[in-house]
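Summary of structural features
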Amino acid sequence: MPELPEIEVLRRSLEPRLLGRRIVGVEVHTPALREPLDRRALRRRLQGQSILALRRRSKYLWIEVSGGSTLVVHLGMSGRLTLAPAGAPREAHEHLAFGLDSGERLRLRDPRRFGIAFAAPTAALARDPHFAGLGREPLDPPLAGPELSALARGCRAPAKAFLMDAKRLVGVGNIYASESLFAAGIHPARSVARLSAARWRRLAVAVVEVLERAIRAGGTTLNDFADGTGAAGYFQVELAVYGREGEPCPRCGAAIRRLVQSNRSSFYCPRCQR
Ligand SMILES: [Zn+2]
């Protein structure tokens, strides 16, 4: 499932190719993904408009166009948003596509249909129910220890659950929460009510570094993530603990363990993470 780094990689890969392009056609091939696709609103708000900016909020890509609207896309579990050359045939599971004045087509392929796409007034996005309850972005500006600690005020949850609570902090999913806790030397089950200021500082640095390293590596491609040009990421080769149960810890050599928390697997080193 794409997390924050993958969406940031997608944004950066598409930005130079989309800025200034005009949307000349909107093709909707299915009535709904995770939510209904509003064909009329997509056409009315996007057709004929020029692309002004690409932004990211949590795991959503925002494509802002002229005329005061923004196209919002979430890839769900298995979505791919790519630019297809002029004349490329429609692919399997291509549910939505935008023809551009360059002749290319920006298309959303989503075999499992957990994605989301809609167009909304740009000025109203902050109040939109998809975004109204979201917490702080970890990278804009980079988190610091005291602030991360303040986000956990009143929370007694395990560190792993806290990092993945999008109402407090967005964009840190299962993979990057495990990796950040390893980098900070914190056990995933440790309550955040019992973390010292020094540990909060280490955790904030770890979250920012892990996400930035993943972005530089082009994201993590465990299933089928690809950027806007179809290129896979390779951060999976740098993962220290995620998916490595039984393998030696890269720092101390102890066997990595797996722990199930809230139905999700956490991976950790029993010696380095206390
Ligand atoms: Zn270790």
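The residue numbering used here restarts from 1 in each chain and proceeds along that chain's sequence as written. Given that this is a predicted model, residues contribute local features only at a pLDDT of at least 70 and side-chain atom pairs are listed and counted only at 80 or more, while totals for whole chains, interfaces and linings are drawn from all residues. The side-chain numbers reported here are obtained from all heavy atoms of the structure, hydrogens and water having been left aside.

**What about the coordination of the zinc ion?**
The expected angle between donors at a tetrahedral four-coordinate metal is 109.5 degrees. At an octahedral six-coordinate metal it is 90 or 180 degrees. Distances up to 2.8 Å from the metal define which N, O and S atoms are donors, and 3.2 Å serves for Na, K and Ca; water is absent from the atom set, so sites may look incomplete. Coordination sphere of the zinc ion, protein contribution only: C249 (SG), C252 (SG), C269 (SG) and C272 (SG), at 2.2 to 2.4 Å. Here the donor residues of the zinc ion are spaced in sequence according to C-x2-C-x16-C-x2-C. A residue pair is termed long-range when its members are at least 10 positions apart, and C249 in the loop between helix 6 (197-216) and strand 9 (257-261) and C272 in the segment after strand 10 (264-268) qualify at 23 residues. Take C249 and C272: they sit in the same class, and that class is buried. Think of it this way: any DSSP run of H or I at least four residues long counts as a helix, any run of E at least two long counts as a strand, and we number them from the N terminus. Each residue's exposure class comes from its accessible area (1.4 Å probe, protein chains only) as a fraction of the maximum for that residue type: buried when under 20%, exposed when over 50%, partly exposed otherwise.

**So, the pairing of strand 4 (residues 69-74)**
Of all 6 residues making up strand 4, 6 are buried, and the element is well covered by its neighbours. Note on pairing: DSSP must find at least two bridges between two strands before they are called paired. Bridge count between strand 3 (residues 60-65) and strand 4: 6 bridges; the pairing is antiparallel. Its bridge partner being in strand 4, L61 is matched across the sheet by V73.

**Considering the domain arrangement of the protein chain**
For the domains described, the bounds stem from an automatic or database domain assignment. What the domain assignment lists for the protein chain is domain 1 (4-127) and domain 2 (145-268). One C-alpha centre belongs to domain 1, the other to domain 2; they are set 29 Å apart. By the convention used here, residues are in contact when the closest approach between their heavy atoms is within 4.5 Å. Listed per partner, the contact involves 17 residues of domain 1 and 16 residues of domain 2. In this description, buried area is defined as the sum, over both parts, of the accessible area (probe of 1.4 Å) that is lost when the two are combined. Here domain 1 packs against domain 2, burying approximately 1500 Å² in sum over the two surfaces, 66% of which is carbon and sulfur. Criterion for a salt bridge: a side-chain nitrogen of Lys or Arg within 4 Å of a carboxyl oxygen of Asp or Glu. Where domain 1 packs against domain 2, one counts 0 salt bridges.

**Describing the packing of helix 1 (residues 4-18) against helix 6**
Working convention: axes come from line fits to C-alpha atoms, limited for helices to the stretch in contact. Angles between N-to-C directions cover 0 to 180 degrees. Across the interface, helix 1 lies against helix 6 with an axial gap of 9 Å and an inter-helix angle of 40 degrees. The orientation of helix 1 with respect to helix 6, classified from their angle, is oblique. Between helix 1 and helix 6 the crossing geometry is right-handed. Touching L4, P5, E8, V9 and R12 of helix 1 are L211, A214 and I215, all from helix 6. Oblique is the label for any angle not under 35 degrees, not over 145, and not in the 65 to 115 range, which are roughly parallel, roughly antiparallel and roughly perpendicular in turn. Throughout, a crossing is termed right-handed when the near helix is turned clockwise from the far one, and left-handed when it is turned anticlockwise from it by less than a right angle.

**Topic: the side chain of R11**
Secondary-structure assignment places R11 in helix 1. The exposure class assigned to R11 is buried, which follows from its relative accessible area of 13%. In contact with R11, other than residues within four places in its own chain, are L54, R55, R56 and L61.

**Quick word on the pattern of salt bridges**
Scanning all chains against the criterion turns up 17 salt bridges. R107 is paired through a salt bridge with E91; the nearest N and O atoms lie 3.5 Å apart. Of this pair, R107 sits in strand 7 (residues 105-109) while E91 sits in the loop between strand 5 (80-84) and strand 6 (94-100), and the two are 16 residues apart along the sequence. A relative accessible area of 11% places R107 in the buried class. Here E91 falls in the partly exposed class, since its relative accessible area comes to 26%.

**Things to note about the nonpolar core**
With 44 residues, the main nonpolar core has L163 and L203 as its most contacted residues. For this core, the secondary-structure elements that each account for two or more residues are helix 1, helix 4 (159-163), helix 5 (174-184) and helix 6. Here the element with the most residues in this core is helix 6; it accounts for 10 residues. Counting residues in each nonpolar core, the second largest holds 28 residues, with V28, L33, I63 and L83 among its members. Nonpolar cores are built from buried Ala, Val, Leu, Ile, Met, Phe, Trp, Tyr and Cys residues. Side-chain atoms within 4.5 Å join them into one set.

**Considering the sheet that holds strand 7**
Pairing is antiparallel across the open sheet formed by 4 strands, whose spatial order is 1-6-7-5. A strand with exactly one partner marks an edge of an open sheet, and here the two such strands are strand 1 (23-28) and strand 5. The sheet shows a mean angle of 15 degrees between the axes of neighbouring strands, direction not considered. Both strand 5 and strand 7 contribute to a ladder of 5 bridges, which runs antiparallel. In the strand pairing of strand 7, T82 is matched with R107. In the packing of helix 1 onto the sheet, the strands contacted are strand 5, strand 6 and strand 7, and the crossing angle to strand 5 comes to about 25 degrees. Sitting on the sheet, helix 2 (residues 39-46) touches strand 1 and strand 6, and the angle it makes with strand 1 is about 175 degrees.

**Examining the sheet that holds strand 4**
Judged by pairing direction, the sheet is antiparallel, and its 4 strands sit side by side in the order 2-3-4-8 without closing on themselves. Both outer strands of the open sheet, strand 2 (51-57) and strand 8 (116-121), are each paired with one neighbouring strand and no more. Taken pair by pair, the neighbouring strands of this sheet meet at an average axis angle of 20 degrees, ignoring direction. Judged from the 6 bridges that link them, strand 4 and strand 8 form a sheet pairing that is antiparallel. Within the sheet, the bridge partner assigned to V72 lies in strand 8 and is F118. Most of the contacts of helix 1 go to strand 2, to which it runs at about 175 degrees, and overall it touches strand 2 and strand 3.

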